[in-house]
Each structure stands twice: as C-alpha cells, then as structure tokens.
Amino acid sequence: MNTVDAKRVLETALICAPQPVTVRELRSLFDDALGADTLKALLMELQQDWAQRGVELVQVASGWRFQSRPEMRQYLDRLHPEKPPRYTRAALETLAIIAYRQPVTRGDIEDVRGVTVNSLIIKQLEDRGWVEVIGHRETVGRPALFATTRQFLDDLGLQSLDQLPVLDDSAVQTSMFDALGLVESPEPPPADAPADEQFDPAEQNDNAEVAQAPQAAMEETTPDHAGGAMAPDVDATGKPI
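The rules we used
Residue numbers here run from 1 along each chain, matching the order of that chain's written sequence. Only residues with pLDDT of at least 70 are given local features in this predicted model, and only at 80 or more are side-chain atom pairs given and counted; all residues enter the totals for whole chains, interfaces and linings. Excluding hydrogens and water, the side-chain values take into account all heavy atoms of the structure. The helix and strand labels rest on DSSP assignments: H or I over at least four residues marks a helix, E over at least two residues marks a strand, and numbering proceeds from the N terminus. Burial classes follow relative accessibility: with a 1.4 Å probe on protein chains only, a residue under 20% of its type's maximum area counts as buried, one over 50% as exposed, and anything between as partly exposed. Whether two residues are in contact is decided by their heavy atoms, any of which lying within 4.5 Å being enough. Areas reported here follow the Shrake-Rupley algorithm with a probe of radius 1.4 Å; residue values treat only the protein chains shown as occluding. Helix span, expected: 1.5 Å multiplied by one less than the number of residues in the helix. The arc in question is formed by the directions pointing from the helix axis toward the C-beta atoms. To get an axis, fit a line to the C-alpha atoms, keeping to the stretch in contact for a helix; angles then go from 0 to 180 degrees between the N-to-C directions. In this scheme, roughly parallel covers angles under 35 degrees and roughly antiparallel covers those over 145, while 65 to 115 is roughly perpendicular and the rest are oblique. Three classes are used, and their members are as follows: Ala, Val, Leu, Ile, Met, Phe, Trp, Tyr, Cys and Pro are nonpolar, Asp, Glu, Lys and Arg are charged, and the others, Gly among them, are polar. Each pair of aromatic rings taken from Phe, Tyr and Trp, with Trp reduced to its six-membered ring, is defined by centres within 6.5 Å and is described as stacked if the planes are under 30 degrees apart, edge-to-face if over 60, and tilted in the remaining cases. Two conditions define a charge located above a ring, namely a distance within 6 Å from the ring centre to NZ of Lys or CZ of Arg, and an angle within 35 degrees of the ring normal. Strands were regarded as paired on the criterion that DSSP finds at least two bridges between them.

Trainee: Where do I start with the overall build of the protein in this structure?
Mentor: Each helix and strand counted, the protein has 10 helices and seven strands in total. Relative to its full complement of 241 residues, the protein shows a buried share of 41%. Of all intrachain contacts in the protein linking residues separated by at least 6 positions in sequence, the fraction that spans at least 24 positions is 65%. With an accessible surface of roughly 12,800 Å², the protein has 50% of that area assigned to carbon and sulfur atoms.

Have a look at this one:
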C-alpha cells in the first residue's frame, strides 16, 4: 500500500472513531504491516494536511483523534445551544487542586481550601470522569488518594500531565477551566434541573458564584451525573461559611 492510500485509511478510521484511537489499534488497520514509527510519520503528515481547516488531528492521552479547533467553538455552540450542567466554585477549586497536586487525599484538599470538602463534590468529579481513586496513603485510616484521569487530559487536549500550564497565578487556573469548557455563571440552575446541576444556597455564599460546564470541542457528549444537591463547605465547627 502506498503512502496516499495508507493516509486515506487512517483518515477515514479516525474520522469515524467515536473516541481517540491508539497507534496499536491503528496498526491493526494494516495487519501490523506498518511499524509504529511509520504510522506516526503518516499521522504527522495528516496533521499538516489538515492544518488550514476547521478540524485538526491531535494526539491526546488516549490516542489520536480529529476535533474542531477552539476558534470554531463559538459557531458550533450556535448549532447546539444546549444548557450545560453547572458546577460550584468549590468543585472547580477541588478539581484544580487535584490536577496540580496529585495524588492528594481529601485532607490535603481541605488543607489548601481551608474548609471541609463535601463528598458530593468528589463524586461529581468522579462521575464526570475527571477524577479517580488510584490508591491509599499508608497512614492512619489509609485515606484514598485522588488523581485525574485520561479523560481529564483528553478533554483538555493534552497527552500528559507534564503539559499542564505552570500554576503561577489565578489566570492559569482560569485558562484550564476554559479549556474544559468551564465558565462562570452568576445564575443558579432552575428548580427542575437534574440533581447534579442543583446547588445549596449556603454554598453559594461560600463560593460567591456558580460555574457552568458547556461542551468543549473535545467533549461532544456529557455523561449523566448521580447525586443530589451540593452541600455547603463548613469550617472546623461545622458552621456553613
């Protein structure tokens, strides 16, 4: 098979794939007749072929995929003006702490935030596919260690944690939320919203505002979430902040 035909096969497979495809999986298209290095070279050529289009070929943590370019998002949102699920500021701060300090325990998160972490916040992030338990710290009570997932990296469009921007100020955290499609919203969700979109007014006092998570270019679908309304963060005496 010549290079042109091989690229056409790769292009078709990646466009039709519902999720990122690994190099190992792509090699099966050619009965392993093409080596990994040859395949990667063809993928790089495909990237160049699509360089001036609204869709780009990228490598993320789970493999290779085609996705719309960030600058196309404003137009795609007009095509699918769906109301996104909302996340509290506490949930977003918790996600940022896990992303940049992982692996961490709930106690570690509480030390940084200065308030008790509601277990429903962790559950929201787990249900979203961004956070998971990777082990337990060998100390009293063996608390669970939380870390981000490949899905989290995929949604950010990154291959590894090493590519996370250096967290030197709040602007970096904001840019990470933007990449995930997380933007702040002063409006609370409607009363009939799904459980994961509801929040406790007391928590709003703690966080000042709620955030919402619209679809990002790389996350075409949003999984259903379980759990009820967010309970407020509390101080050491159990009083809502």
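Trainee: Teacher, can you tell me more about helix α3 (residues 36-49) here?
Mentor: Helical periodicity: at 3.6 residues per turn, an α-helix aligns residues three or four positions apart in one direction. Helix length check: α3 (14 residues) gives 20 Å between terminal C-alpha atoms against 20 Å at 1.5 Å per residue, within 8%. All buried positions along α3 are accounted for by L39, L42, L43 and L46. Take α3 and look down its axis: the buried residues cluster within an arc of 105°, on one side only. Facing away from the buried side of α3 by more than 90 degrees, the exposed set consists of D37 and Q48.

Trainee: What should I look at first to understand the packing of helix α1 (residues 3-16) against α3 in this one?
Mentor: Working note: a packed helix pair is described by the angle between its axes plus the distance between those axes. The N-to-C vectors of α1 and α3 enclose an angle of 75°; their axes lie 10 Å apart at closest approach. Between α1 and α3, the angle is such that the two are roughly perpendicular. Taking contact as the criterion, the partners of T3, A6, K7, L10, E11 and L14 in α1 are, on α3, L39, L42, L43, E45, L46 and D49. Taken together, the residues that form the contact of α1 with α3 break down as seven nonpolar, one polar and four charged.

Trainee: How should the packing of aromatic side chains be read in this particular structure?
Mentor: Aromatic ring pairs are reported here in terms of the distance separating the ring centres and the angle at which the planes meet. As enumerated under the stated definition, the model contains one aromatic pair in all. Here W50 and F66 contribute two aromatic rings whose centre-to-centre distance is 4.7 Å and whose plane-to-plane angle is 55°, an arrangement assigned as tilted. Taken as a pair, W50 in the loop between α3 and β1 (55-60) and F66 in strand β2 (residues 63-68) lie far apart in primary sequence, 16 residues in all. Across the ring face of W50, the terminal group of R53 is positioned such that the distance to the ring centre comes to 4.4 Å.

Trainee: Would you take a moment to explain the pairing of β2 for this structure?
Mentor: Side-chain positions along a regular strand alternate between the two faces of the sheet. Summarising burial for β2: six of the six residues are buried, a large majority. Strand direction decides the pairing type here: β1 and β2, joined by six bridges, are antiparallel. Bridge pairing in β2 links V55 to S68. Counted along the chain from β1 to the antiparallel partner β2, the turn is two residues long.

Trainee: I keep staring at unusual backbone geometry and nothing clicks. Help me out?
Mentor: A negative phi angle characterises most non-glycine residues, just as the trans form characterises most peptide bonds. Between Q102 and P103 the backbone carries a cis peptide bond, its omega angle lying at -5°. Along the chain, the position of P103 falls in the loop between α5 (89-101) and α6 (106-113). Phi is positive for D31, which is not a glycine, with a value near 55°. Counting through the fold element by element, D31 comes out in the loop between α2 (23-27) and α3. Taking the relative accessible area as the measure of exposure, D31 reaches 70% and is therefore exposed. Of note, the phi angle at R142 is positive, near 40°, even though the residue is not glycine.

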